[in-house]
Amino acid sequence: MTEFKQLDIYWVDLEPTKGAETKKLRPCVIVQGDLVNIQSKTLVVAPMLPNHKSWPFAVNLNPTSINKLDKDRHINLKQLRAIDISRIGKKQGRLESEYLQSIKQALAIVFDL
């Protein structure tokens, strides 16, 4: 079984979807903590969408040699998904740890913590 880590970026098949859910095959970051990831058959991920956004629940990203993103993107933390690992495709890269605090702040906004 693959060892999934928080902040790893994978391509995830988000179909089928309903309504306003994020669609298509997209890069997603694993936001679930590593302790929960151990031998887990499900993961909590957040999709990465094109361009930067000024939303309080979005974290803007720039491509680097570590995250291996193809263009400027944002993590939409309002669109968290619990997915079965069978939806996971190719590993893209790894999100730099400097983004973790911004992710936590955006999640605090989403969940009113």
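The model shown is predicted, which means the values in this text are computed figures rather than measured ones.

Visitor: For this particular structure, what's the right way to read the overall build of the protein chain?
Guide: From N to C terminus, the protein chain includes two helices and seven strands. Secondary structure elements in the protein chain, listed N-terminal to C-terminal, are β-β-α-β-β-β-β-β-α. A globule of 113 residues ought to have a C-alpha radius of gyration of about 13 Å, and the protein chain, at 13 Å, matches this closely. For the protein chain, the C-alpha atoms occupy an extent of roughly 35 × 35 × 30 Å along the three principal directions.

Visitor: How should the nonpolar core be read in this particular structure?
Guide: A general feature of soluble globular proteins is that nonpolar side chains tend to end up buried together. In this structure, Val29, Ile75, Leu77, Leu95 and Ile103 are the most contacted members of the largest nonpolar core, which totals 16 residues. If one sorts the elements of this core by residue count, helix H2 (residues 100-110) sits on top with three residues. Sequence-distant contacts of Leu95, that is, excluding residues within four places in its chain, are made with Leu7, Ile9, Val29, Met48, Leu61, Asn67, Ile75 and Ile103. Tyr10, Leu14, Ile30 and Leu43 belong to the second-largest nonpolar core, a separate cluster that totals 10 residues.

Visitor: Would you take a moment to explain unusual backbone geometry for this structure?
Guide: Among all residues save glycine, negative phi is the norm, and among peptide bonds the norm is trans. In the segment running from Glu15 into Pro16, the intervening peptide bond is cis, with an omega of 0°. Within the fold, Pro16 resides in the loop between strand E1 (8-13) and strand E2 (25-30). Even without glycine at this site, Asn51 takes up a positive phi of about 75°. You can see Asn51 is positioned in the loop between strand E3 (42-50) and strand E4 (58-61).

Visitor: Looking at this structure, how should I read the pattern of salt bridges?
Guide: Side chains that differ in sign of charge can pair as their charged atoms come close. Taken as a whole, this structure holds four salt bridges when the rule is applied. For Lys5, the salt bridge goes to Glu3, with nearest N and O atoms at 2.9 Å. Residue classification places Lys5 among the partly exposed positions, given a relative accessible area of 32%. Judged by relative accessible area, Glu3 falls into the exposed class, the value being 57%. If you follow the salt bridges from partner to partner, you end up with Asp8, Lys91 and Arg94 in one network.

Visitor: How do you make sense of the confidence of the model for the protein chain when you look at a structure like this?
Guide: Close inspection of predicted coordinates is inappropriate for parts of the model with low pLDDT. Taken residue by residue, the protein chain gives an average pLDDT of 94. The fraction at 70 or more is 99%. Taking the mean pLDDT of every element in the protein chain, the minimum, 92, falls on helix H1 (residues 34-37) and the maximum, 98, on E4.

Visitor: So what exactly am I meant to see when it comes to a nonpolar patch on the surface here?
Guide: On the surface, Leu35, Val36 and Ile38 cluster together into a nonpolar patch covering about 350 Å² of accessible area. With respect to the helices, strands and loops of the structure, Val36 is situated in helix H1.

Visitor: Just to check I follow, could you spell out the side chain of Gln32 for this structure?
Guide: Relative to the assigned elements, Gln32 resides in the loop between E2 and H1. Looking at Gln32, the relative accessible area reads 10%, which means it is buried. For Gln32, the side chain forms a polar contact with the side chain of Asn37, separated by 2.7 Å. At 3.3 Å, the side chain of Gln32 and the backbone oxygen of Thr42 are in polar contact. When residues no more than four places from it in sequence are discounted, the contact partners of Gln32 are Gln6, Asn37, Ser40, Thr42, Leu43 and Val44.

What counts as what
Residues numbered from 1 in each chain as written. Predicted model: local features only at pLDDT ≥ 70, side-chain atom pairs only at ≥ 80, totals over all residues. Heavy atoms only, no water. Helix = DSSP H or I, 4+ residues; strand = E, 2+ residues; numbered from the N terminus. Rg over C-alpha atoms; globule rule 2.2 N^0.38 Å. Core = buried A, V, L, I, M, F, W, Y, C linked by side-chain atoms within 4.5 Å. Buried < 20%, exposed > 50% of the residue type's maximum accessible area, 1.4 Å probe, protein only. Contact = heavy atoms within 4.5 Å. Salt bridge = Lys/Arg side-chain N within 4 Å of Asp/Glu carboxyl O. pLDDT = per-residue confidence, 0-100. Patch = residues over 30% accessible without salt bridge, like charges linked within 9 Å, V, L, I, M, F, W, Y side chains within 5 Å. Areas by Shrake-Rupley, 256 points an atom, 1.4 Å probe, with all protein chains shown as cover. Polar contact = N/O pair within 3.5 Å; in protein donor to acceptor, adjacent residues only side chain to side chain.

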